[in-house]
Protein chains: 2
Amino acid sequence: MKFNSFAELIDMVKGQSNRVVVPGANNTEALTAIKMADDKGLISGGVLIGPVELVKKMMAEIGLAQDKFEFIQCEDVPTMCNLAVEQIVKGKGDFLVKGLVDTKYYMKAILNKEMGLVPQGALLTHFVLFKTDNYHKMFAVTDSAVLISPTLEQKAQAINNAVKILRKLGIEKPKVAVVCPVEKVNEKIPSTVEAQELVKMNQEGKIKDCIVEGPYDLYITFSKERAAEKGIKGAQVAGDADLILLPDLDAANPLYKALAFFGKGTEAATILAGPNIPVILPSRADHPMVKLNAIALCSYLKDQK
Amino acid sequence: MKFNSFAELIDMVKGQSNRVVVPGANNTEALTAIKMADDKGLISGGVLIGPVELVKKMMAEIGLAQDKFEFIQCEDVPTMCNLAVEQIVKGKGDFLVKGLVDTKYYMKAILNKEMGLVPQGALLTHFVLFKTDNYHKMFAVTDSAVLISPTLEQKAQAINNAVKILRKLGIEKPKVAVVCPVEKVNEKIPSTVEAQELVKMNQEGKIKDCIVEGPYDLYITFSKERAAEKGIKGAQVAGDADLILLPDLDAANPLYKALAFFGKGTEAATILAGPNIPVILPSRADHPMVKLNAIALCSYLKDQK
């Protein structure tokens with residue numbers, strides 16, 4: 001990876017003239033993150049969509065200067081989302097930051113085929129990049145927010161989506177662990193059977209540009225020592241994973257939040273994987289730093305082809 | 001709770017004359033944990049079952065004195081497990097410590113009705129007690145190791161099993177959070193529907209001696225501040241949970257291991273909930289400290305009715 005912490009990433013993208021587009025800009029959390037990004041020199045302006053008078057009042061309250069931004073008056077949430085995507089298509093902005101809009105309208109506007117933000121047949125998935133004190137490098141988790149009960153095919157697509165991002169971040173061949181409760185394939189635990197299938201799809205070239213291993217439990221995934229204790233030999237991913245795929249939303253969401261909440265020295269950035277342009281998809285309760293990190297990550301990604 | 005850290009717990013149970021019974025004592029990890037427990041004055045001896053010559057050799061290697069222990073020669077794993085349960089029934093020991101035996105034989109021997117270690121109709125479940133720097137008190141997680149896809153009824157039993165233990169630890173009315181990806185009931189996410197059902201069962205008195213709330217995401221579960229941000233009002237469990245129930249093994253196992261591996265200042269103890277006597281059920285790759293903590297927890301529990 002081209003950077004080893006969010007602080008490094010922020011330093012790398014400083015001074016870029018990125019323009020954000022925000023549907024539902026009447027949102028203190030989003031505006032606070034934009035203020036932080038502006039203070040750090042990560043953005044040069046953008047388009048704020050929502051009830052303009054209220055947006056301007058909120059900006060004044062948090063001390064975010066108005067002169068860098070364009071404003072579009074809109075009170076209807078689905079329309080805000082459509083207008084935001086239109087602004088990106090018109091080249092008025094570099095990436096989307098979700099404000100006070102429902103995720104379903106936000107995703108629907110992004111998925112609108114006429115707009116071309118999403119490649120044919122693409123699936124949108126959730127991608128979190130983590131930094132913690134207890135692992136030797138940054139790593140990603142998918143899918144903690146979008147897919148509820150992914151099929152095997154959707155799991156493969158979630159890996160592909162994440163691998164594309166990790167390659168843009170400088171990891172030529174990302175190491176992918178399919179995380180399960182146990183490291184042995186057990187027909188009573190369907191996630192382990194699917195893990196085996198995903199490994200096979202990788203070996204057959206159906207999941208490309210990465211190395212997929214599993215099923216692994218979480219210890220094997222993150223610790224070479226634990227992997228050795230469990231008799232895992234000759235593995236490339238065990239103890240050195242760049243990406244972990246969890247079985248479903250029930251598993252991935254609490255894990256993501258546990259890492260963010262309990263992890264030692266943990267920082268995160270959450271984005272949407274799949275679209276042609278970077279899209280920030282924060283959870284409402286995420287720390288403002290998570291949103292700032294996501295803006296930095298999007299700034300970096302927009303210049304990588 | 002009567003203690004706020006494992007160090008405190010260990011101090012409380014020091015000097016008790018507990019006797020451990022270990023099927024598959026030919027296991028360095030188990031013997032090391034017993035050595036640590038012996039050094040701290042937590043045990044007075046016990047019964048070690050397995051290939052005796054090898055067990056004695058391993059004890060010599062790690063410096064564990066042999067004179068406090070009785071030995072039973074046995075080479076067959078299912079028999080070792082049955083003999084261990086028999087020793088408990090005969091009053092030769094206070095609790096079981098799993099050595100080098102398969103979990104399925106260990107559980108099968110414990111479940112043997114003729115032995116009476118398990119009440120009629122009981123379900124065995126996994127119970128982990130955690131201490132971390134990022135939460136104001138100790139808390140428990142269930143079920144990270146036994147139930148694969150628990151039914152609603154099994155989830156209720158898992159809560160009951162855990163509540164019984166927490167009450168023995170001094171929490172009169174444990175606060176139980178049913179953890180899901182989101183805090184809203186959504187028919188597309190079955191775990192949220194079951195969470196609602198469990199809350200209802202608690203209100204109707206079918207799940208007793210505790211307060212059940214949910215569905216909650218992990219942030220709401222552990223942070224009053226996040227709960228307030230999400231508009232959760234008048235809740236007793238939000239931000240103050242003593243126990244969390246996860247949707248299934250796919251969710252609970254990685255969460256448990258993530259807390260143990262990534263958590264700031266995290267310590268754990270894992271036991272089996274449901275039997276009439278304390279039973280230690282470690283994961284093979286758990287840190288020896290986890291096993292020591294479990295021995296201390298069992299020492300404490302054996303004297304609580």
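Every chain's residues receive numbers from 1 upward, in the order its sequence appears when written. Each chain is given a letter, starting from A, and each ligand a number, starting from 1, according to the order in which they appear as written. Reporting of local features is limited, given that this is a predicted model, to residues whose pLDDT is at least 70; pairs of side-chain atoms are given and counted only at 80 or more, and all residues count toward the totals for whole chains, interfaces and linings. The side-chain numbers reported here are obtained from all heavy atoms of the structure, hydrogens and water having been left aside.

> Explain the side chain of B:Lys137 to me, and be specific about the residues and the numbers.
Residue and element names in this part refer to chain B. When you line up the elements, Lys137 lands in the loop between β5 (125–131) and β6 (139–142). Polar contacts, as counted here, are pairs of nitrogen or oxygen atoms within 3.5 Å of one another; within protein the pair requires one atom able to donate a hydrogen and one able to accept it, and residues that are adjacent in sequence qualify only if both atoms are side-chain atoms. For Lys137, the side chain forms a polar contact with the side chain of Asp242, separated by 2.8 Å. Residues count as neighbours in contact if any of their non-hydrogen atoms are within 4.5 Å of one another. Apart from residues no more than four positions distant in its own chain, Lys137 is found in contact with Asp240, Ala241 and Asp242. Strands here are runs of E lasting at least two residues and helices are runs of H or I lasting at least four, both read from the DSSP assignment and numbered beginning at the N terminus.

> Give me the lowdown on empty space enclosed by the protein, citing residues and values where you can.
Site definitions follow a grid-based scheme: protein atoms alone, a 1 Å grid, a 1.4 Å probe that fits but cannot get out for cavities, and for pockets an open set with protein on both sides within 12 Å along at least five of seven lines, plus lining residues having an atom within 4 Å of a point. Grid points are joined across faces, edges and corners, and a volume is the space filled by probe spheres set on the points. Evaluated as defined, the whole model comprises two cavities of 30 Å³ or more. Here the largest cavity defines a volume of roughly 40 Å³. Residue lining of the largest cavity: A:Asp143, A:Leu147, A:Pro150, A:Lys155, A:Ala158, A:Leu245, A:Leu246, A:Pro247 and A:Asp248, and that is the complete set. Taken as a whole, the second largest cavity holds about 30 Å³ of empty space. Lining the second largest cavity are B:Lys155, B:Val178, B:Val179, B:Cys180, B:Ser191, B:Leu245, B:Leu246 and B:Pro247. Each residue gets one of three labels, nonpolar for Ala, Val, Leu, Ile, Met, Phe, Trp, Tyr, Cys and Pro, charged for Asp, Glu, Lys and Arg, and polar for the others, Gly among them. Per-class residue counts for the lining of the second largest cavity are six nonpolar, one polar and one charged.

> For the relation of the copies chain A and chain B, give the residues involved together with the corresponding values.
For the pair chain A and chain B, the best superposition has an RMSD of 0.0 Å and corresponds to a rotation of 180 degrees with a translation of 0.0 Å parallel to the axis. The operation mapping one copy onto its partner corresponds to a two-fold rotation axis. For chain A, the residue whose C-alpha comes nearest the rotation axis is A:Ala251, separated from it by 1.8 Å. We superpose the copies by least squares over the C-alpha atoms of residues that have a pLDDT of at least 70 in both of them.

> Give me the environment of B:Cys74: which residues, what numbers.
Residues and elements named next belong to chain B. Along the chain, the position of Cys74 falls in the loop between β3 (69–73) and α4 (77–89). Remark: exposure states derive from per-residue accessible area (1.4 Å probe, protein chains only) relative to the maximum for the residue type, with buried under 20%, exposed over 50%, and partly exposed in between. Classification of Cys74 by relative accessible area gives buried; the value is 8%. Residues Cys74 and Val52 lie 22 residues apart in sequence; the distance between their C-alpha atoms is 7.6 Å. Ignoring any residue separated from it by four or fewer positions in sequence, one finds Cys74 in contact with Ile49, Gly50, Pro51, Thr79, Met80 and Leu83.

> Let's hear about the interface of chain A and chain B: which residues, and what values?
The partner chain B presents 41 residues to the 41 residues of chain A that form the contact. Both faces considered, chain A and chain B share a buried interface measuring about 3700 Å² in area, 66% of it formed by carbon and sulfur atoms. Criterion for a salt bridge: a side-chain nitrogen of Lys or Arg within 4 Å of a carboxyl oxygen of Asp or Glu. Put simply, chain A and chain B have two salt bridges between them. For A:Asp217, the salt bridge goes to B:Lys257, with nearest N and O atoms at 2.8 Å. Put simply, the parts of the chain that give the side of chain A that touches chain B at least two residues each are α8 (218–222), α9 (224–229) and α10 (249–262) of chain A. In terms of residues, the side of chain A that touches chain B owes the most to one element, α10(A), which gives 13 residues. Split by residue class, the side of chain A that touches chain B holds 23 nonpolar, six polar and twelve charged. Note on definitions: buried area is the accessible-area loss of two parts on being combined, 1.4 Å probe, summed for both.

> Give a detailed account of the packing of aromatic side chains, specifying residues and quantitative values.
For any pair of aromatic rings, the description consists of the separation of the ring centres together with the inter-plane angle of the planes. Pairing of aromatic rings covers Phe, Tyr and the six-membered ring of Trp, with a centre-to-centre limit of 6.5 Å; geometry is then stacked below 30 degrees between planes, edge-to-face above 60, and tilted otherwise. In total, this model carries 20 aromatic pairs over all chains according to the counting rule given. Seen from their ring centres, A:Tyr135 and A:Phe222 are 4.8 Å apart, and the 90 degrees between their planes marks the pair as edge-to-face. Taken as a pair, A:Tyr135 in the loop between β5 (125–131) and β6 (139–142) and A:Phe222 in helix α8 lie far apart in primary sequence, 87 residues in all. Neither residue differs from the other here; A:Tyr135 and A:Phe222 are each classed as buried. Following the ring pairs from residue to residue traces out a cluster consisting of A:Phe130, A:Tyr135, A:Phe139, A:Phe222, A:Tyr256, B:Phe261 and B:Phe262. Of note, A:Lys56 hangs over the ring of A:Phe71, and the distance from its end group to the ring centre comes to 4.8 Å. Comment: the charge-over-ring label is applied if NZ (Lys) or CZ (Arg) is within 6 Å of the ring centre and within 35 degrees of the ring normal.

> Residue-level account of the environment of B:Ile280, with values.
Residue and element names in this part refer to chain B. In this structure, Ile280 sits in strand β11 (residues 279–280). In this structure Ile280 comes out as buried when scored by relative accessible area, which is 1%. The spacing of Ile280 and Leu96 is 184 residues in sequence and 6.0 Å in space, taken between C-alpha atoms.

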